[in-house]
Amino acid sequence: MSKFWTTICVLGFGVVFCTVFFNNYVVGYNELDDKVIYFNLSSSILCIVLFIRLLLNKQIILNLIDILVLVFVGYLSINELWHSRLYNNYQTSIILSALLYLVARQLIICQQNKAGILFSLSLMLLLTSIVEIIVVFIQFYDMMFNKSIQTLTGSFNNPGVLSIYLGSCFVYFFHWYCSYKTETLWDKIIRNLIIFYLLLVVVLLPSTQSRTSLIAIAFVSLLIIEDKYHFVKTIFKYKKLIPIVLAFILIPVLLLFSYRYKKNSADGRMVIWKSTLLVVKSNLLSGVGFNKFQNKFPDYQAKYFKSNPLDAERFSDKNDYVLNDYLQITAEGGLIGLALFSALLFVIIKSYTTHTEKNAYIKASFFSILFILFTACSSYPFEIVSIWNLFMFFILILSVHSQQKVCLKVNSVSSAFLGLVGIIICVYSILMQRNIMNAKNSIMSARDSFANEDYDDAIYNYKKAQQYAPYEKVILLELGKSYLLKGNYNESIQILTQAQQYISDPFLSSNLGEAYANLDNYSEGEKAFKNSIDLMPNRMYPKYLLFKMYLKSQQAIKSKLLAREILTMPIKIESAATIEMKTEVYSYLKR
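Residues numbered from 1 in each chain as written. Predicted model: local features only at pLDDT ≥ 70, side-chain atom pairs only at ≥ 80, totals over all residues. Heavy atoms only, no water.

Asker: I keep staring at the overall build of the chain and nothing clicks. Help me out?
Answerer: Each helix and strand counted, the chain has 25 helices and two strands in total. By residue count, 54% of the 591 residues in the chain fall in the buried class. Across the chain, contacts joining residues at least 24 apart in sequence account for 74% of those joining residues at least 6 apart. In the structure as shown, the chain presents an accessible area of about 27,100 Å², 63% of it carried by carbon and sulfur atoms. (Helix = DSSP H or I, 4+ residues; strand = E, 2+ residues; numbered from the N terminus. Buried < 20%, exposed > 50% of the residue type's maximum accessible area, 1.4 Å probe, protein only. Contact = heavy atoms within 4.5 Å. Areas by Shrake-Rupley, 256 points an atom, 1.4 Å probe, with all protein chains shown as cover.)

And the structure:
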């Protein structure tokens, strides 16, 4: 690969790394994230350029890691299409990350100076990480002195996700710092940049209060220090027992600390995991489909709460993620998906442990992968495109240096065909991003109109968005709400009933119940309201709406029973709205 193509590859990865700077939830669903849209556009363009260069290669060489990456991503894609047959933008991100991994590896392994290319790619990652930590520092300043924000989220929507991104880069550059040799002025500048980033992460990361990331950083950092200085190995005679001893001592202690630090949060996770097991049992082999958990989970959670009412009172809420990526992979991909992912991890670990000449890039990447895998036990790093991109980047570094035997060689004709297929996929992705951006812009315009109570204009813009994304859940849900508030109840029922085919949502059911109640269809309204209550039993509003419908339909006995239930139900956080609802219900009973 000439200097020109090397420069294109490095700068292209730098542009892709900039995905982290875009807001995570502008509209409200993963498929419409600015991060996802930007990643799909930037990675598609870079893949097209690199695929053109790859067409000049005589063959494609794949090792076992490459094959398992392609098989795992291919399975997720086929499984998702099997379950829904609809376009999924985040699934496109996963496919593009695999294509980018494949084409970048093919071009890098042909070069003699692999270390130089990886150095440049790592430098690009360092620069983007520094920009992100500066954004976090500015937020920290506002939080401490201006009190304008409550938590640190950086360019993400959640402090936990931010901590995983910062921690992944911290582990990578901490090992790089431990093994980096300063010989020139340029080396000293880079080393100082690394120190700057590491210090800011150490100072700011505790403010995210992310237990998983803090424990993972501490644990993996100790492994890095031990790998560098061999403190433990010089003390213990039986070196092979060291990992076992550390695992039995440190892991239970860290888990106990994590549980006691935020007991309610930990108990809430346990409830989510128990509910998710119902999803797994019902869809054991192939799961519910990639990125479909948030659509299917509420129904299974409702079933769990019927059998465990005490958990429903304390922990029920709307969850988009399992908060354990291994369990989420099983729920969405079934045992087949879990087996493929486990096989990939096994081969990665085996490739590292059997490598005879581990350089700084190999070790840094492996420790970063360990960090991400650790956080995946109680969070959702693989559901965030920026972190998944980092994960694939670290696998790329390991695969480039892998000493595994070549498993498959593709000749020039076949490689040209595969290159053309890759280009077609990327072009299709670019065209779809145009539709999604148009849909997103129309949704934002509709929300502005909705906020100003201009429901006619909101409906117009939601319908316009539907032309670009006809089956997008958020469009159907909010269009149905707009029809409801405008008084077009039949249209609202039609849209919300259509939305129920793609998503199970308590607010959707509440809106559907209101529409039926306004048409005096009390039996269907009662079903919809009760479904909303089942999905989130500890929310007062659906019960209040059902109470109002009982009053309207003059069902006195049901009204009194539900009124007493509303007054006695436990409330986590009392608000003006809950106080107002309770006051109205109390006045009714007093009369």
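Now, onward.
Asker: Explain the packing of helix α3 (residues 64-84) against helix α14 (residues 325-353) here, please?
Answerer: The description of two packed helices rests on the angle between their axes and on the distance between the axes. Contact geometry of α3 with α14 gives a least axis separation of 10 Å together with a crossing angle of 165 degrees. With respect to each other, α3 and α14 are oriented roughly antiparallel. Relative to α14, the crossing made by α3 is left-handed. Of the residues in α14, those touching α3 at L64, I65, L68, V69, V71, F72, Y75 and N79 are E332, G333, I336, G337, L340, F341, A343, L344, V347, I348 and S351. Grouping the constituent residues of the contact of α3 with α14 by class yields 14 nonpolar, four polar and one charged. (Axes fitted to C-alpha atoms, helices over the stretch in contact; angles between N-to-C directions. Parallel < 35°, antiparallel > 145°, perpendicular 65-115°, else oblique. Left-handed = near helix turned anticlockwise from the far one by under 90°. Nonpolar A, V, L, I, M, F, W, Y, C, P; charged D, E, K, R; others polar.)

Asker: In this structure, what is going on with the nonpolar core? I would like to understand it.
Answerer: A general feature of soluble globular proteins is that nonpolar side chains tend to end up buried together. Formed by 125 residues in total, the largest nonpolar core has its most connected members in F13, L125, F173, Y197 and F391. Discounting chain neighbours no more than four positions away, the residues touching F391 are F341, L345, I369, I372, L373 and F382. With 28 residues, the next largest nonpolar core counts L32, I475, L484 and A528 among its residues. (Core = buried A, V, L, I, M, F, W, Y, C linked by side-chain atoms within 4.5 Å.)

Asker: When you look at unusual backbone geometry in this model, what are you seeing that I'm missing?
Answerer: Most of the time, phi is negative for any residue but glycine, and the peptide bond is trans. Positive phi outside glycine occurs at Q209, with the angle close to 55 degrees. Summarising the element assignment, Q209 is placed in the loop between α7 (185-204) and α8 (211-229). Taking the relative accessible area as the measure of exposure, Q209 reaches 42% and is therefore partly exposed. Backbone geometry places D520, a non-glycine residue, at a positive phi of 60 degrees. Along the chain, D520 falls in the loop between α21 (506-518) and α22 (522-535).

Asker: I keep staring at the pattern of salt bridges and nothing clicks. Help me out?
Answerer: Any two side chains of opposite charge can pair, so long as their charged atoms come close to each other. A full pass over the atoms with the stated rule returns 14 salt bridges. Of the charged contacts, one joins D534 and K306 as a salt bridge, the two residues approaching to 3.7 Å between their closest N and O atoms. Of this pair, D534 sits in helix α22 while K306 is found in helix α12 (residues 293-307), placing the two residues 228 residues apart along the sequence. As a salt-bridge pair, K558 and E526 come within 3.1 Å of each other at their nearest N and O atoms. (Salt bridge = Lys/Arg side-chain N within 4 Å of Asp/Glu carboxyl O.)

Asker: Any chance you could explain the environment of S449 here in plain terms?
Answerer: Structurally, the position occupied by S449 is in helix α17 (residues 412-451). As for S449 and S482, which are separated by 33 residues in sequence, their C-alpha atoms are 10.0 Å apart. Discounting residues that sit within four places of it in the chain, S449 has contacts with D454, D457, A458 and N461.

Asker: How do you make sense of a nonpolar patch on the surface when you look at a structure like this?
Answerer: On the surface, I134, F137, I138 and F196 cluster together into a nonpolar patch covering about 350 Å² of accessible area. Looking at the nonpolar patch, the element that brings in the most residues is helix α5 (residues 114-146), giving three residues. Tracing the chain through its elements places I138 in helix α5. Residue class for I138 comes out partly exposed when judged on its relative accessible area of 48%. (Patch = residues over 30% accessible without salt bridge, like charges linked within 9 Å, V, L, I, M, F, W, Y side chains within 5 Å.)

Asker: Help me out: how do you make sense of the environment of Y586 in this one?
Answerer: In this fold, Y586 is placed in helix α25 (residues 576-590). Among the residues examined, Y586 registers a relative accessible area of 48% and is labelled partly exposed. In this structure the C-alpha to C-alpha distance between Y586 and I566, which are 20 residues apart in sequence, comes to 9.3 Å.

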